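# Working through the structure, step by step
What follows is the residue order along each chain.
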Amino acid sequence: MAVITCSTPTKPLRAVPAGGLLPLIAPSIVLALFFAIPMGMMIGISFQSQSAGGLTFASYSRFFGNDLVLAGLVRTVIMSGLVAVCVTVLAYPLAYYLARATSRWRTVIFALAIAPELAGVVLRTYGWLIILEDRGFINSALMWTGLISEPLPLSKNLFGVVVGLTHVILPFGVLSLLTSLQSINPNLERSAQILGASRLAVIRHIILPLSVPGIVSSLLIGFTMAASAYATPALLGGAGFKVMATMVYEQVLFYLDWPFAAVMANVLLVLMLAAGFVGSRLESRLHQKLHI
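Throughout this document, residue positions are counted from 1 along each chain, in the order its sequence is written. Predicted model: local features are reported for residues with pLDDT of at least 70 only, side-chain atom pairs are reported and counted for 80 or more only, and whole-chain, interface and lining totals are derived from all residues. Note that water and hydrogens are dropped before the side-chain values are worked out from all heavy atoms of the structure.

A separate point is the overall build of the protein. Each helix is a run of H or I in the DSSP string that is no shorter than four residues. Each strand is a run of E no shorter than two, and both are numbered from the N terminus. Looking only at helices and strands, the protein has 13 helices and 0 strands in total. Secondary structure of the protein in N-to-C order comes out as α-α-α-α-α-α-α-α-α-α-α-α-α. Here the protein has a C-alpha radius of gyration of 25 Å; the compact-globule value for 292 residues is 19 Å, and the former is much larger. In terms of its C-alpha atoms, the protein occupies a principal-axis envelope of roughly 85 × 65 × 35 Å. Based on C-alpha atoms, the radius of gyration is set beside the globule rule, defined as 2.2 Å times the residue count to the power 0.38.

In structure tokens, the structure reads:
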């Protein structure tokens, strides 16, 4: 028996011409001037001593030996994780509707979803403060109806901060998921329904797996933006709710301890990079699993 083998000619890889790198020069300069160099300076400051000269690890030892600072780091991780999950869960059905809707209401709903970004973060946070505080709208309405006898603790705690940050970051989650959902061919849903699959089964076995990149992206955006937020935790969390961003602000403005503040900033950066690495690895594994 003769065996016929087919081979596909492959084109050799060609080196990128020098002229093709010209568009990268301007972005590289901007990133170097406004990100790489400042972060390098921040890393150098973290090894300096506030009282004596020379390089030292005293600020890092102080960071990892301070229970209050470590509690703030844990609080930052918990807050950011809750915000990321809330943003993704709330944004997903809205993004799915916007990706599949064809009526004129689509434009109106899309505008309403992005409208919060037209106002400043401080303005939106003050709005939630008016709603959630002890004499705010919710507590006043509940006390007026007689459902409660004393105000509920809706602000100056983790709950109030998560609510405020979810509102601030929600439009970014919608845009991230919308891009992913629009890339899914609607004919896949129609074909599954024609074959007898229910609407819930289509969403579970087709839409959700194919939208994993958008889900991971929304989680990462929500986590990183919440971890670096300052205004909302400071206003809705109050003086007793300490996260990394507010502690860095205090060390720079009140205590003038730049090395310790630099350590906090570096730890926060490492936390975000670790979240991005874990998210990218998770997305890669899920993508391989779904395409086996």
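There is more to say, and it comes next.
The next point concerns the packing of aromatic side chains. Two rings belonging to Phe, Tyr or Trp (six-membered ring only in the last case) form a pair when the distance between their centres is within 6.5 Å. Interplanar angles under 30 degrees mark stacking, angles over 60 mark edge-to-face geometry, and anything in between is tilted. Counting across every chain of the model gives 5 aromatic pairs. A centroid spacing of 5.0 Å and a plane angle of 80 degrees characterise the contact between F63 and F64, whose relative ring orientation is edge-to-face. When the ring of Y249 is compared with that of F254, the centres are 6.2 Å apart and the planes differ by 85 degrees; the resulting orientation is edge-to-face. Residue Y249 is classed as partly exposed on the basis of its relative accessible area of 36%. F254 gets classed as exposed once you look at its relative accessible area, which sits at 57%. Site record: aromatic cluster; members linked through ring pairs are F47, F57 and Y60. Accessible area is worked out with a 1.4 Å probe on protein chains only. A residue is then buried under 20% of its type maximum, exposed over 50%, and partly exposed in between.

We now examine helix 12 (residues 244-253). Two residues of an α-helix separated by three or four positions point the same way, owing to the 3.6 residues in each turn. Burial within helix 12 is extensive, with 7 of its 10 residues counted as buried. Among the residues of helix 12, those classed as buried are M244, A245, T246, M247, V248, E250 and Q251.

The next point concerns helix 3 (residues 67-100). In this scheme, a helix's expected span is set at 1.5 Å multiplied by one less than its residue total. For helix 3, with 34 residues, the first-to-last C-alpha span of 49 Å sits near the 50 Å given by 1.5 Å per residue. The reported bend at a residue is simply the angle between two axes, fitted to the 7 residues ending at it and to the 7 residues beginning with it. The sharpest bend along helix 3 measures roughly 30 degrees and falls at A91, with the proline P93 sitting one to four residues further on. A 3.5 Å cut-off defines polar contacts: any pair of N or O atoms within that distance qualifies, except that in protein one atom must be a possible hydrogen donor and the other a possible acceptor, and neighbouring residues in sequence count only when both atoms are side-chain atoms. Capping of helix 3 at its N-terminal end is provided by N66; its side-chain oxygen lies 3.0 Å from the backbone amide nitrogen of L68.

Every residue carries a pLDDT, the predictor's confidence in it, which falls somewhere between 0 and 100. The pLDDT averaged across the protein works out to 85; a share of 91% of its residues lies at or above 70. Confidence drops under pLDDT 50 across residues 1-10; counting only partners more than four residues distant or on other chains, this segment forms 0 contacts. Pairs of residues are marked as contacts when any of their non-hydrogen atoms sit within 4.5 Å.

Think of a patch as exposed residues, more than 30% relative accessible area, with no salt bridge, where like charges cluster within 9 Å and nonpolar side chains (Val, Leu, Ile, Met, Phe, Trp, Tyr) cluster within 5 Å. Calculation of accessible area relied on Shrake-Rupley with a 1.4 Å probe; when residues are assessed, cover is drawn exclusively from the protein chains displayed. What makes a salt bridge here is a side-chain nitrogen of Lys or Arg within 4 Å of a carboxyl oxygen of Asp or Glu, nothing more. On the surface, L22, I25, I29, V30, L33, F34, I37 and M41 cluster together into a nonpolar patch covering about 820 Å² of accessible area. Residue placement: V30 occurs in helix 1 (residues 25-46).

A few words on the layout of surface pockets. The way it works is a 1 Å grid over only the protein atoms, where trapped points that fit a 1.4 Å probe form a cavity and open points with protein on both sides within 12 Å along at least five of seven lines form a pocket, and then any residue with an atom within 4 Å of a point lines it. Grid points are joined across faces, edges and corners, and a volume is the space filled by probe spheres set on the points. Of the pockets and cavities examined, the largest pocket occupies roughly 290 Å³. Lining the largest pocket we find 14 residues, and of these L68, V69, M247, E250 and Q251 sit closest to its centre. Secondary-structure elements contributing two or more residues to the lining of the largest pocket are helix 3, helix 12 and helix 13 (258-290). Residues were grouped as follows: Ala, Val, Leu, Ile, Met, Phe, Trp, Tyr, Cys and Pro as nonpolar; Asp, Glu, Lys and Arg as charged; and all remaining residues, including Gly, as polar. Of the residues that constitute the lining of the largest pocket, the class distribution is 7 nonpolar, 3 polar and 4 charged. In this model, the second largest pocket occupies a volume close to 200 Å³.

Residue placement: L154 occurs in the loop between helix 6 (137-145) and helix 7 (158-182). We classify L154 as buried; its relative accessible area is 13%. On a C-alpha basis, the gap between L154 and S228 in space is 22 Å, while along the polypeptide they are 74 residues apart. When sequence neighbours within four positions are dropped, the list of residues in contact with L154 reads L132, I138, N139, F159 and G160.

We now examine the pattern of salt bridges. Counted by the stated rule, this structure contains 4 salt bridges. R100 is the partner of E189 in a salt bridge, and the nearest nitrogen-oxygen pair spans 2.6 Å. Linking E189 in helix 8 (residues 186-194) with R100 in helix 3, this pair joins segments that are 89 residues apart in sequence. For E189, a relative accessible area of 4% corresponds to the buried category. With a shortest N-O distance of 3.6 Å, E189 and R199 are connected by a salt bridge. Of this pair, E189 sits in helix 8 while R199 sits in helix 9 (residues 199-210), placing them 10 residues apart in sequence. Judged by its relative accessible area of 40%, R199 is partly exposed. If you follow the salt bridges from partner to partner, you end up with R100, E189 and R199 in one network.

What follows covers the packing of helix 9 against helix 10 (residues 212-227). The angle between the axes and the distance between the axes are what describe a pair of packed helices. The convention used is that axes are lines fitted to C-alpha atoms, helices contributing only their stretch in contact, and that angles between N-to-C directions extend from 0 to 180 degrees. The N-to-C vectors of helix 9 and helix 10 enclose an angle of 55 degrees; their axes lie 4 Å apart at closest approach. Classified by the interaxial angle, the pair formed by helix 9 and helix 10 is oblique. Every residue of helix 10 that contacts helix 9 at L208, P209 and L210 is listed here: V212, P213 and I215. Here the residues of the contact of helix 9 with helix 10 sort into 6 nonpolar, no polar and no charged. We call two directions roughly parallel when the angle between them is under 35 degrees, roughly antiparallel when it is over 145, roughly perpendicular when it lies between 65 and 115, and oblique otherwise.

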